[in-house]
2 protein chains.
Amino acid sequence: MEQPSRLAGTVRPGGRTARVRAAVLEATQDELVERGFHGLTMDQVAVRAGVGKTTVYRRWGSPAGLVVDLMTELADQSVPHADTGALEGDLLANALSVLEALHDGRLGPTLQAMIAAATCDEQAAQGLRAFYSRRIQEWAGAVDLAVKRGELPEGTDGAEVIRAISAPLYYRLVVSREPVTREDAERSVARTLAAARAGAFVSPG
Amino acid sequence: MEQPSRLAGTVRPGGRTARVRAAVLEATQDELVERGFHGLTMDQVAVRAGVGKTTVYRRWGSPAGLVVDLMTELADQSVPHADTGALEGDLLANALSVLEALHDGRLGPTLQAMIAAATCDEQAAQGLRAFYSRRIQEWAGAVDLAVKRGELPEGTDGAEVIRAISAPLYYRLVVSREPVTREDAERSVARTLAAARAGAFVSPG
DNA sequence: CCCCTAATGGGACTGAAGTTCCGTTAAGAT
DNA sequence: ATCTTAACGGAACTTCAGTCCCATTAGGGG
């Protein structure tokens, strides 16, 4: 299992190479939606993309490699955090954006696949960690602003607050495997906010 | 892929059949520790258990089937919740028992495998849900006692409190894939307790 | 516009996962 | 103790993921 060359490392990133990559990532996402990560085969992706299977093996190496590349693509489309002026609104916007992603017909299966890939491939795990750490850093900014406005105690750890908002949603998705609803998102915000106001997210302790 | 017969459904659950099952589940757990879920093959389990591979396919059907059976075995060994007399001690005991399980040389890889299996197999997903719902119901009792003692507001949802304790730990394990420490467990208890005391876990809202 | 070669593509090959067939073993009833 | 048959096991067979080899195509510099 040779480590595949990322597109960034290619010597000729021009026309055909870029077209092949686009077709393969497109086909990968379609396959994820229809069959999930466990049903993702290099062979079928190659056929669907109209590309030689040798090429898919050479450049991506494994199903996990495909998912990792898809992840980097999605990470580049990351959105700036909301700024509604009040913390509760910002946090709710964050929770709802997670919720929306999970329920999206294409993004949902892709996110599930990213998590599944991470459970069985170290490279995918790193990619997933990078994906979320970027997202969390971005939204932590909204909490920092709230601290400056005096809505939360000085020293509150913004990244931890954002993690705390998502944690129950992913817990339902991955562990208890119950449907994740808007009520869950609202409850998560309310509980996290209650703990944060009580100073439970102040850095040292 | 024929659905395998559970041991419960066998007509002759006596000596040999039970020995085969024990040997196979033992081998499965060993393989999970050494190779993880993605490296679990029916063939290797059969060899390691000293059992015909036909038998493994017939009774368990797939790697996910093996993990599911292991899960039911572990669920039967579930422990009653702590009762230290104070809620914080009970919740900490819960968080630490999760932590301990995750770090255990045999249980840790098995739990990870259960989650990985659930991401790609509906039967495994149901098994995992059953496993945790049983655990959560058990520990929710500790919260109910605390409500009776007046430590938390009337109407506090015990099961949700227990879920909230575990959620950040599993979030680290599965999503952000950072090491889970005792500090994480303590923080999770402190934050959940702060939210619960503020009434954020009272049922309707 | 032409050339060099990076990158792709077809097709044969390899090995392991999964299936099938049928003979053998032993649980449990009488 | 004997018999019935559920359950196990060995081995050949099938399928398909993954690899290798080499011919073909098309960027992109000159």
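Per an unreviewed UniProt entry, chain A goes by the name TetR family transcriptional regulator and belongs to Nonomuraea aridisoli.

Moving on: the domain arrangement of chain A. When the parts of a complex come together, some accessible area is lost, and that lost area is often used as the size of the interface. Residue and element names in this part refer to chain A. Segmentation of chain A into domains returns domain 1 (16-74) and domain 2 (83-197). On a C-alpha basis, the centroid separation for the pair domain 1 and domain 2 is 28 Å. Contact residues are listed per partner, giving 13 residues for domain 1 and 16 residues for domain 2. A combined buried area of about 1,200 Å² lies between domain 1 and domain 2, and 75% of that area is made up of carbon and sulfur atoms. It is Phe37, Met71 and Leu74 in domain 1 that bury the most area against domain 2; as a group they hold 42% of the surface buried on that side. Scanning the region where domain 1 abuts domain 2 turns up two salt bridges. The partner of Arg106 in a salt bridge is Glu26, and the shortest N-O contact between them spans 3.9 Å. Counting across the domain 1 and domain 2 interface gives three residue pairs in polar contact (both at pLDDT 80 or more). Where the side of domain 1 that touches domain 2 is concerned, the elements lending two or more residues are α1 (15-35) and α4 (63-75). Sorting elements by how many residues they give to the side of domain 1 that touches domain 2 places α4 first, with seven residues. Split into classes, the residues belonging to the side of domain 1 that touches domain 2 amount to nine nonpolar, two polar and two charged.

Bringing the UniProt feature "DNA-binding region" (unreviewed entry) in chain A into the picture now. According to UniProt, the "DNA-binding region" (unreviewed entry) feature falls on residues 41-60 of chain A. A distance of 12 Å separates the end C-alpha atoms of residues 41-60 of chain A, which is 80% helix and 0% strand.

Those residues carrying the UniProt feature "domain: HTH tetR-type" (unreviewed entry) are residues 18-78 of chain A in this numbering. With 77% helix and 0% strand, the stretch residues 18-78 of chain A has end C-alpha atoms that lie 21 Å from each other.

The partner chain A presents 32 residues to the 32 residues of chain B that form the contact. A combined buried area of about 3,000 Å² lies between chain B and chain A, and 62% of that area is made up of carbon and sulfur atoms. A per-residue breakdown of the area chain B buries against chain A is headed by Tyr171, Arg177 and Arg191 of chain B, which together make up 23% of the total. The tally of links from chain B across to chain A stands at six salt bridges. The closest approach of N and O atoms between Arg163 of chain B and Glu178 of chain A, which form a salt bridge, is 3.7 Å. Counting across the interface, chain B meets chain A through eight residue pairs in polar contact (both at pLDDT 80 or more). If you list the elements that add at least two residues to the side of chain B that touches chain A, you get α6 (107-118), α7 (122-148), α8 (158-176) and α9 (182-197) of chain B. The element that contributes the greatest number of residues to the side of chain B that touches chain A is α8 of chain B, accounting for eleven residues. Looking at the side of chain B that touches chain A residue by residue, the class counts come to 19 nonpolar, five polar and eight charged.

This part takes up the relation of the copies chain B and chain A. For the pair chain B and chain A, the relating rotation is 180°, the translation along its axis is 0.0 Å, and the fit reaches an RMSD of 0.1 Å. In symmetry terms, the pair is related by a two-fold rotation axis. For chain B, the smallest separation between a C-alpha atom and the rotation axis is recorded for Ala195 of chain B, amounting to 2.3 Å. Counting the interface residues of chain B, we find that 100% of their copies in chain A are interface residues as well, pointing to one common contact surface.

As a further point, take the state of the cysteines. Tallied over the entire structure, the rule returns zero disulfides over all chains. In this structure Cys120 of chain A is a free cysteine whose sulfur lies 8.0 Å from that of Cys120 of chain B, the closest cysteine sulfur available. Given a relative accessible area of 23%, Cys120 of chain A falls into the partly exposed group.

Another aspect to go through is the packing of helix α4 (residues 63-75) of chain B against α7 of chain B. All names here are of chain B. The interhelical angle for the contact between α4 and α7, taken along N-to-C directions, is 15°, at an axis separation of 9 Å. Of the possible angle classes, the one that applies to α4 and α7 is roughly parallel. As α4 packs across α7, the resulting crossing turns out to be left-handed. Taken together, the residues of α7 that come into contact with α4 (itself represented by Gly65, Val68, Met71, Leu74 and Ala75) are Gln123, Ala124, Gly127, Leu128, Phe131 and Arg134.

Closest axis-to-axis distance for the helix α7 (residues 122-149) of chain A/α8 of chain B pair is 9 Å, and the angle between their directions is 120°. For the element pair α7 of chain A / α8 of chain B, the angle class is oblique. Residue-level inspection shows Leu128, Arg129, Tyr132 and Ile136 of chain A of α7 of chain A in contact with α8 of chain B, the latter providing Tyr171, Val174, Val175 and Ser176 of chain B. Tallied by class, residues from the contact of α7 of chain A with α8 of chain B come to six nonpolar, one polar and one charged.

Next up on the list: α1 of chain A. All names here are of chain A. The terminal C-alpha atoms of α1, which comprises 21 residues, lie 30 Å apart, in line with the 30 Å expected from a rise of 1.5 Å per residue. All buried positions along α1 are accounted for by Val20, Arg21, Val24, Leu25, Ala27, Thr28, Gln29, Asp30, Glu31 and Leu32. Contact partners of the buried residues in α1: α2 (42-49), α3 (53-60), α4 and α6 (107-118). Count one or two residues on from α1 and you reach Gly36, which has phi positive near 80°.

Structurally, Thr119 of chain A is set in the loop between α6 and α7. A polar contact is formed between the side chain of Thr119 of chain A and the backbone oxygen of Ala116 of chain A, at a distance of 2.5 Å.

Moving on, we get to the side chain of Thr119 of chain B. Judged by relative accessible area, which is 19%, Thr119 of chain B ranks as buried. Sequence-distant contacts of Thr119 of chain B, defined by excluding residues within four places in its chain, comprise Ala116, Thr119 and Arg177 of chain A.

Reading the values: the criteria
Residues numbered from 1 in each chain as written. Chains lettered and ligands numbered in written order. Predicted model: local features only at pLDDT ≥ 70, side-chain atom pairs only at ≥ 80, totals over all residues. Heavy atoms only, no water. Domains from an automatic or database assignment. Contact = heavy atoms within 4.5 Å. Buried area = accessible area lost by both parts, 1.4 Å probe. Salt bridge = Lys/Arg side-chain N within 4 Å of Asp/Glu carboxyl O. Polar contact = N/O pair within 3.5 Å; in protein donor to acceptor, adjacent residues only side chain to side chain. Helix = DSSP H or I, 4+ residues; strand = E, 2+ residues; numbered from the N terminus. Nonpolar A, V, L, I, M, F, W, Y, C, P; charged D, E, K, R; others polar. UniProt positions renumbered as here; feature names shortened; annotations may be inferred. Least-squares fit on C-alpha atoms with pLDDT ≥ 70 in both. Disulfide = S-S within 2.5 Å. Buried < 20%, exposed > 50% of the residue type's maximum accessible area, 1.4 Å probe, protein only. Axes fitted to C-alpha atoms, helices over the stretch in contact; angles between N-to-C directions. Parallel < 35°, antiparallel > 145°, perpendicular 65-115°, else oblique. Left-handed = near helix turned anticlockwise from the far one by under 90°. Expected span 1.5 Å × (residues − 1).

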